[in-house]
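# Analysis of the macromolecular model
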Amino acid sequence: MNKETVVIIGASNNPERYSHRALLLLRKHGHKIVPVHPKLAEIEGIPVVADLGLISGPVDTVTMYVGAAISSGLQEKLIALKPRRIIFNPGAENASLADALQKAGIACEEACTLVLLNTGQF
């Protein structure tokens, strides 16, 4: 299995949130996790990045857990980051952002990161 660098936008330290469950499952699968949240310093011992613009280096996947009101403002930073793909989890769909990202050569999919991991499709 290939290990990926995965950025989690909308990462949470609340165990009830799907983004938190995804962080734990990604770690269990051995992926390098880069949680993004403006106010948290760390989640489960993993350092949190306050702003998407602070991430450097190759990123395989961005998994999105924020709604369109927030994600639309991230378009330029996402294009600059050049991830291989972006997963829009249920509730995070943003057709206009996905269209702009695809035009920039970034693959986008509407899927659930937890389902992809649990079914070997990640």
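The structure this text deals with has already been given above.
Residues numbered from 1 in each chain as written. Predicted model: local features only at pLDDT ≥ 70, side-chain atom pairs only at ≥ 80, totals over all residues. Heavy atoms only, no water.

### Digging into unusual backbone geometry
Excluding glycine, residues mostly have negative phi values, and the peptide bonds linking residues are mostly trans. Counted only if it meets this: Helix numbering and strand numbering both begin at the N terminus, where a helix is a DSSP run of H or I of at least 4 residues and a strand a DSSP run of E of at least 2. Per-residue accessibility, obtained with a 1.4 Å probe over protein chains only, is compared with the maximum for each type, and a residue is labelled buried under 20%, exposed over 50%, and partly exposed between these values.
A positive phi angle, near 55 degrees, is found at E44, a position not held by glycine. In this structure, E44 sits in the loop between strand 3 (42-43) and strand 4 (46-47). Residues other than glycine seldom take positive phi values, yet K82 does so here, at roughly 55 degrees. In this structure, K82 sits in the loop between helix 3 (75-81) and strand 6 (85-88). Residue K82 is classed as exposed on the basis of its relative accessible area of 66%.

### Thoughts on the state of the cysteines
Heads up, the condition is: Here, two cysteine sulfur atoms that lie within 2.5 Å of each other are counted as a disulfide.
Following the criterion strictly, the structure yields zero disulfides and no others. In this structure C108 is a free cysteine whose sulfur lies 17 Å from that of C112, the closest cysteine sulfur available. Judged by its relative accessible area of 18%, C108 falls in the buried class.

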